[in-house]
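Examining the three-dimensional arrangement
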Amino acid sequence: MARLFVTGGHGMVGSNLRAHPGIAAWQVLAPARAELDLCDAVALRDWLARHRPDAVVHAAGVVGGIQANMAEPLRYLAENARIGLNLITACREIGVPVLLNLSSSCVYPRDLHRDLAEEQILTGPLEPSNEGYALAKIMAMRLVDHACRENPALQWRTLIPCNLYGPFDTFDPGRSHLLPAIIHKIHRARIEGRDRVEIWGDGQARREFMHASDLADAILRALADPSAVPAVMNVGPGVDHAIEDYYRLVAGVVGWQGRFVHDLGKPVGMRRKLLSVARQAAWGWAPRIGLAEGVAATYAWYLEQQP
Ligand SMILES: NC(=O)C1=CN([C@@H]2O[C@H](COP(=O)(O)OP(=O)(O)OC[C@H]3O[C@@H](n4cnc5c(N)ncnc54)[C@H](OP(=O)(O)O)[C@@H]3O)[C@@H](O)[C@H]2O)C=CC1
Ligand SMILES: C[C@H]1O[C@H](OP(=O)(O)OP(=O)(O)OC[C@H]2O[C@@H](n3cnc4c(=O)[nH]c(N)nc43)[C@H](O)[C@@H]2O)[C@@H](O)[C@@H](O)C1=O
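Values in this document were obtained by computation on a predicted structure and should not be read as measured data. (Residues numbered from 1 in each chain as written. Chains lettered and ligands numbered in written order. Predicted model: local features only at pLDDT ≥ 70, side-chain atom pairs only at ≥ 80, totals over all residues. Heavy atoms only, no water.)

**Examining the environment of Val254**
Mapped onto the elements of the fold, Val254 is located in helix α8 (residues 243–254). Measuring from C-alpha to C-alpha, the distance between Val254 and His184 comes to 9.9 Å, with 70 residues separating the pair along the chain. Sequence-distant contacts of Val254, that is, excluding residues within four places in its chain, are made with Ile186, His187, Arg190 and Tyr299. (Helix = DSSP H or I, 4+ residues; strand = E, 2+ residues; numbered from the N terminus. Contact = heavy atoms within 4.5 Å.)

Here it is, written out as structure tokens:
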């Protein structure tokens, strides 16, 4: 059975990938950070030389919502750059034939808003709230690109997912992205009997969300035939919603009937970042999990984790 090295295999994306039924086609190697720190270039190179995986999915990173990115920009840039550089150069040295590098929709210029198409990356200034993280992601994408130019036999690709949610997400308010943040806030409001929940910003910014299990599905399809995947490809539903719509949806799922207030002092970031899914459509794939269904399943998972 072919060996698949999943970096970040215990994070949200990695865990959803390992939980997907299609993963049975692979022997998965998913060392936790305590076992293999990707910031340690020597340890990583030795590990790769020992295990010689047939394919790598790069899903490790220092990841967080807008506030965490703004609080620690140096860490988001430096650690993600280091992890990306270490992994990609070591895979090149070892000659790993297949690599899927996960990027993020924050790599797009801040002023584009919609129809974000892969060729528009590096055509304008980045959104300041996550510039460091985005620069590290762009560097990793370029490393993949250059490695493939040097050695066209490599089947290395970069997938650019929209915002993600699902089981195994981070619900800690200091680090969470929008959807887990809302689930946690509204759940706490319900059990504490509070009738007000605070939305960051005016609620009019828009975000595109996909269930992480759908991303896992795309990753497994890409691994099955990497030659059919464009060098760089957005992955998402191609539909976005206003922040306040996500709050209303979660309130319905949680069964909380209160009112929303706005904190206009909180960071909002990009007003909109809707991906073009033209390449994904040409590849013949689309996500399947509807938002209401996915949020309900994620809330059920969240409830199971409560003490
Ligand atoms: N979540 C989202 O909305 C989106 C995510 N992505 C991308 O998907 C990928 C996965 O994100 P996601 O699963 O959400 O993030 P998580 O934070 O859930 O998982 C990231 C994983 O990377 C691990 N990691 C971080 N640093 C190191 C290190 N030095 N050595 C070894 N492991 C390390 C973490 O380990 P530990 O827990 O021990 O720190 C964690 O298991 C990232 O590349 C991210 O940029 C792209 C678009 C949207
Ligand atoms: C995936 C992508 O995710 C990050 O970018 P982001 O999309 O801006 O991150 P976010 O999910 O934290 O916020 C989305 C929107 O939602 C609004 N918002 C309302 N209320 C809450 C709230 O309670 N918490 C949070 N976090 N946001 C809230 C918030 O004001 C913003 O307008 C990157 O840093 C980077 O990590 C990256 O790649």
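**Re the pattern of salt bridges**
The full count for this structure, using the stated rule, is 18 salt bridges. The salt bridge partner of Arg279 is Glu119, with a shortest N-O separation of 3.3 Å. Taken together, the positions of Arg279 in helix α9 (residues 278–283) and Glu119 in the loop between β4 (98–102) and α5 (131–150) put the pair 160 residues apart, joining distant regions of the chain. Accessibility expressed as a relative area gives 30% for Arg279, which makes it partly exposed. Where Arg272 meets Asp240, a salt bridge forms, and the shortest distance between an N and an O atom there is 2.7 Å. One end of the pair, Arg272, is in the loop between β12 (259–263) and α9; the other, Asp240, is in the loop between β10 (232–235) and β11 (241–242), with 32 residues separating them in the sequence. Through salt bridges that share partners, Glu72, Arg75 and Glu79 make up one connected network. (Salt bridge = Lys/Arg side-chain N within 4 Å of Asp/Glu carboxyl O. Buried < 20%, exposed > 50% of the residue type's maximum accessible area, 1.4 Å probe, protein only.)

**Some points on the sheet that holds β4**
Strand order across the open sheet formed by six strands is β2-β1-β3-β4-β5-β10, with parallel pairing between neighbours. The open sheet has two edge strands, β2 (27–29) and β10, and neither has a second partner. Each neighbouring strand pair of the sheet contributes to a mean axis angle of 20°, computed without reference to strand direction. Bridge count for strand β5 (residues 155–161) against β10 is four bridges, and the pairing is parallel. Paired with Thr158 across the bridge in β10 is Val232. (Pairing = 2+ DSSP bridges. Axes fitted to C-alpha atoms, helices over the stretch in contact; angles between N-to-C directions.)

**Observations concerning the nonpolar core**
A general tendency of soluble globular proteins is for nonpolar side chains to be buried together. Residues Ile219 and Leu223 are the most contacted members of the largest nonpolar core, which totals 46 residues. For this core, the elements supplying multiple residues, two or more each, are β1 (3–7), α1 (12–19), β3 (55–58), β4, α5, β5, α7 (212–224) and β10. Looking at this core, the element that brings in the most residues is α7, giving eight residues. Residues contacting Ile219, with those up to four places away along its chain left out, are Val13, Leu17, Val57, Leu100, Leu102 and Leu159. (Core = buried A, V, L, I, M, F, W, Y, C linked by side-chain atoms within 4.5 Å.)

**Some words on the environment of Ala224**
Here Ala224 is to be found in helix α7. With relative accessibility at 66%, the residue Ala224 sits in the exposed group. Along the chain, Ala224 and Ala25 lie 199 residues apart, while their C-alpha atoms are 9.3 Å from each other.

**Here's the deal with the site of ligand 1**
Neighbouring residues of ligand 1: 26 residues in total, closest Met12, Val13, Asp37, Tyr133 and Lys137. One of the backbone nitrogen or oxygen atoms of Gly61 is found 3.2 Å away from an oxygen atom of ligand 1. At 3.2 Å from an oxygen atom of ligand 1 is found a side-chain nitrogen or oxygen belonging to Arg175. In the complex, 86% of the free accessible area of ligand 1, which totals 890 Å², lies under the protein chains. Mapped onto the shell around ligand 1, the elements with two or more residues apiece are α1, α5 and β6 (163–165). Among the residues forming the shell around ligand 1, the class breakdown is 14 nonpolar, eight polar and four charged. (Near = heavy atom within 4 Å. Polar contact = N/O pair within 3.5 Å; in protein donor to acceptor, adjacent residues only side chain to side chain. Areas by Shrake-Rupley, 256 points an atom, 1.4 Å probe, with all protein chains shown as cover. Nonpolar A, V, L, I, M, F, W, Y, C, P; charged D, E, K, R; others polar.)

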